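Each chain, letter by letter, is given below.
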Amino acid sequence: MCGIIGILGKHEVAPQLVEALRRLEYRGYDSAGIATVNAGVLDRRRAVGKLVNLSDRLVHDPLAGKSGIGHTRWATHGAATETNAHPHRAGKVAVVHNGIVENFRPLREELEADGYAPEGQTDTEVVALLVAREMDRGAAPRDAALSVIDRLEGAFALAFLFDGEEDLMIGARKGSPLAVGHGEGEMFLGSDAIALAPFTNRITYLDEGDRVILTRAGVEILDAEGTRVPRAMARIDVGATQIDKGGFRHFMAKEIAQQPAVLADALAHYVPSDLNMPLDFRAVDRLTLVACGTAHYACHVAKYWFEQIARLPVDIDIASEFRYRDPVLTDRQWAVFVSQSGETADTLAALRHATGRVGKTVAVVNVATSSMAREVDVALPILAGVEVGVASTKAFSCQLLVLLLMALKAAHDRRVIDDATLTARLAEVRTLPGLMNQAMTVADPIAALSDDLAEAQDILFLGRGPIYPLALEGALKLKELSYIHAEGYPSGELKHGPIALIDSHVPVVVLAPRDALFDKTVSNMQEVMARHGRVLLISDAQGLAEAGAGCWRTVRMPDVPDVLAPLVYAVPAQLLAYHTAVAKGTDVDQPRNLAKSVTVE
Ligand code: F6R
């Protein structure tokens, strides 16, 4: 959610800033901008919309200089206009910001009363004006920036650049991620290691409240109290941060196709031979699973697994609701936070709320260096690799796999299943990459349906049991990518209201492996067909043989063990959204109004 980059470099910095912003664009694409200092003079270029607009602008109106900052924006305060685009400049300072300055209104009133009027509506411009005012009063750039950072409330990662200062950059982090990159005679600041990977593999992840003073000679790090502190430097695997489409038309298509391979990687990690899961469930009475969006639907599936397989009660919470409903938490309970990015502000705030109130905090997380991974008692990596498409796909299936393995470990620890059953279950789970591969063959039949689906105004998704959350996920993916209104329902719930929506124009996607609940789902499907609803039945050979007649369309899935069905049926849910979006011509990898990493509340 907004990406920031800062470079004190050896070469012309504008192309490097744009390259870093390209790698950060997943964090927002409402506008982009850069500022540099050249021969002591601070200047900037900004453009509304995607990064390509800024790079086109720089072709005609270049920006020289070897020191610079850059920003790609996901708008929070103020519309996506050039005036509201970062970097914000006031007097001799320019600043880029990720997060929200929550006390910006009283600060703005204070500034206005003092004759410092903002041009736009952003919270960030207030930060620039505050620093400019301190400098007008005679403060040195470093003191001005540090004193203003002390006054800011909310969440932020900031990078400041100053007119007349070619070898100085100030940064700060509180609630939003920020990392320092160490080069040879160059220094970098960035929202993540992916942005810094083209320049260096030596990274220092900053702690909450840290401030940094960067020069080409190195970095001075201060904690929130202003005390100089050491922070470890890590070497990152630059190969792991590679972002290319690998011959696919979209990142999302590549990431869907990668699922068999990344699931195999995760299996090799967690089930090299026996189950390797560093958790002992013997003294836990209850789990709370907390996440947002697609990750929340992974928790929803996992609730079925933990309760059915391990007889362990589970609450699931949407992270943005969790702390505000003041849940009852005890030390016999664990809280599990599921997140691709590990930086989602709502989930991070929920984690901080639970810390100290539950027996253990656990993160099921993709970005192993993220705030969540570092703040929990136990971090379980999902090993999906870099996910670039804004809509989560391979991270979802890897989250599901890790949650399923946790449920199996819980079942064994709690003596609900014995050694032999665990071994048999693990053998079943090992078939997953192959089954996912087989499921990929539905891509062509689904692509053939997409023109028809793209015409729809509304689409309903139905499922039952652990496939119900897949109906929710299918609807979410479709909405976010194709902008078609879609809802997911438990099939049995349709008759309690939503069936009023059914007519011959509404496609109803029924996700229904031939499991114990199949007949019930089919009854609900018949109720739709009796009202001329257009049913798309996605099932296995037996399911289609029993219930395919009279459906508008059918898609045949491989036979799948019940426990793996939520993972394998993710594939058609993802592909329906993908191909419908392609048919509609929407922006698959960067849908409107969204960002990959949502670091504001
Ligand atoms: C939907 C999607 C989002 C994320 C949600 C949580 O396709 O990607 O709903 O799942 O924003 O993000 P993470 O997992 O990074 O916490």
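Note that the structure is predicted; figures quoted are calculated from it, not measured.

Quick notes on the rules
- Residues numbered from 1 in each chain as written.
- Predicted model: local features only at pLDDT ≥ 70, side-chain atom pairs only at ≥ 80, totals over all residues.
- Heavy atoms only, no water.
- Axes fitted to C-alpha atoms, helices over the stretch in contact; angles between N-to-C directions.
- Helix = DSSP H or I, 4+ residues; strand = E, 2+ residues; numbered from the N terminus.
- Parallel < 35°, antiparallel > 145°, perpendicular 65-115°, else oblique.
- Contact = heavy atoms within 4.5 Å.
- Nonpolar A, V, L, I, M, F, W, Y, C, P; charged D, E, K, R; others polar.
- Near = heavy atom within 4 Å.
- Polar contact = N/O pair within 3.5 Å; in protein donor to acceptor, adjacent residues only side chain to side chain.
- Pairing = 2+ DSSP bridges.
- Core = buried A, V, L, I, M, F, W, Y, C linked by side-chain atoms within 4.5 Å.
- Buried < 20%, exposed > 50% of the residue type's maximum accessible area, 1.4 Å probe, protein only.
- Expected span 1.5 Å × (residues − 1).
- Arc of directions from axis to C-beta.
- Salt bridge = Lys/Arg side-chain N within 4 Å of Asp/Glu carboxyl O.

*Asks:* Now, about the packing of helix 13 (residues 394-413) against helix 14 (residues 419-429): what can you tell me, with residues and values included?
*Replies:* Running from N to C, helix 13 and helix 14 point in directions that differ by 170°, and their axes come no closer than 10 Å. Judged by the angle between their axes, helix 13 and helix 14 are roughly antiparallel. Contacts between helix 13 and helix 14 involve L401, L404, L405, L408 and H412 from the former and D419, L422, R425, L426 and V429 from the latter. A per-class count over the contact of helix 13 with helix 14 returns seven nonpolar, one polar and two charged.

*Asks:* Give me the lowdown on the site of the ligand, citing residues and values where you can.
*Replies:* Around the ligand sit 13 residues, and of these S339, Q340, S341, T344 and E480 come closest. Residue S339 places a side-chain N or O atom 2.6 Å away from an oxygen atom belonging to the ligand. Looking at the shell around the ligand, the elements that each hand over two or more residues are helix 9 (293-310) and helix 17 (468-482). It is helix 9 that contributes the most residues to the shell around the ligand, three residues altogether.

*Asks:* Outline the sheet that holds strand 5 (residues 88-90), supporting the account with residue identities and numerical values.
*Replies:* The strands making up a sheet associate through backbone hydrogen bonding, with each pair oriented either parallel or antiparallel. In spatial order, the strands read 5-6-7-8-12-13; together these six strands make up an open sheet with antiparallel pairing. Each edge of the open sheet carries a strand with a single partner, namely strand 5 and strand 13 (218-222). Ignoring which end each strand starts from, the neighbouring axes of this sheet average 20° apart. Taken together, the nine bridges between strand 6 (residues 93-101) and strand 7 (residues 154-162) define a ladder with antiparallel strand orientation. Bridging across to strand 7, G99 finds its partner in F156. The strands touched by helix 4 (residues 123-136) within the sheet are strand 5, strand 6 and strand 7, with strand 6 carrying the most contacts at an inclination of about 135°.

*Asks:* Describe the nonpolar core, with residues and values.
*Replies:* F281, W305, F306, L380, L405 and M406 are the most contacted members of the largest nonpolar core, which totals 100 residues. Here this core gets 14 residues from one element, more than from any other, and that element is helix 13. What F281 contacts, discounting residues up to four positions off in sequence, is L287, F306, L312, W334, M406, K409, A410, D413 and R414. Ranked by size, the runner-up nonpolar core spans 31 residues in total, among them V101, L111, A144 and I170.

*Asks:* Report on helix 8 (residues 259-270), specifying residues and quantitative values.
*Replies:* Given a rise of 1.5 Å per residue, 12 residues ought to cover 16 Å, and the 16 Å separating the end C-alpha atoms of helix 8 matches this to within 8%. Buried within helix 8 we find Q259, P260, V262, L263, A266, L267 and Y270. Down the axis of helix 8, the smallest arc covering the buried residues is 170°, so these residues share one side.

*Asks:* I'd like a description of the environment of A411, backed by residues and values.
*Replies:* Relative to the helices and strands, A411 resides in helix 13. For A411, a relative accessible area of 0% puts it in the buried group. Here the alpha-carbon distance between A411 and I309, two residues 102 residues apart in the chain, equals 6.0 Å.

*Asks:* Break down the pattern of salt bridges for me, citing the residues and quoting the values.
*Replies:* Per the counting criterion, the structure on display carries 34 salt bridges. K477 is the partner of E480 in a salt bridge, and the nearest nitrogen-oxygen pair spans 3.4 Å. One end of the pair is E480 and the other is K477, both in helix 17 and three residues apart, which spans about a single turn. The shortest N-O distance in the salt bridge between E546 and R514 comes to 2.7 Å. Here E546 is found in helix 19 (residues 541-547), whereas its partner R514 is found in the loop between strand 22 (507-511) and helix 18 (518-529), with 32 residues between them in sequence. Classification of E546 by relative accessible area gives partly exposed; the value is 42%.

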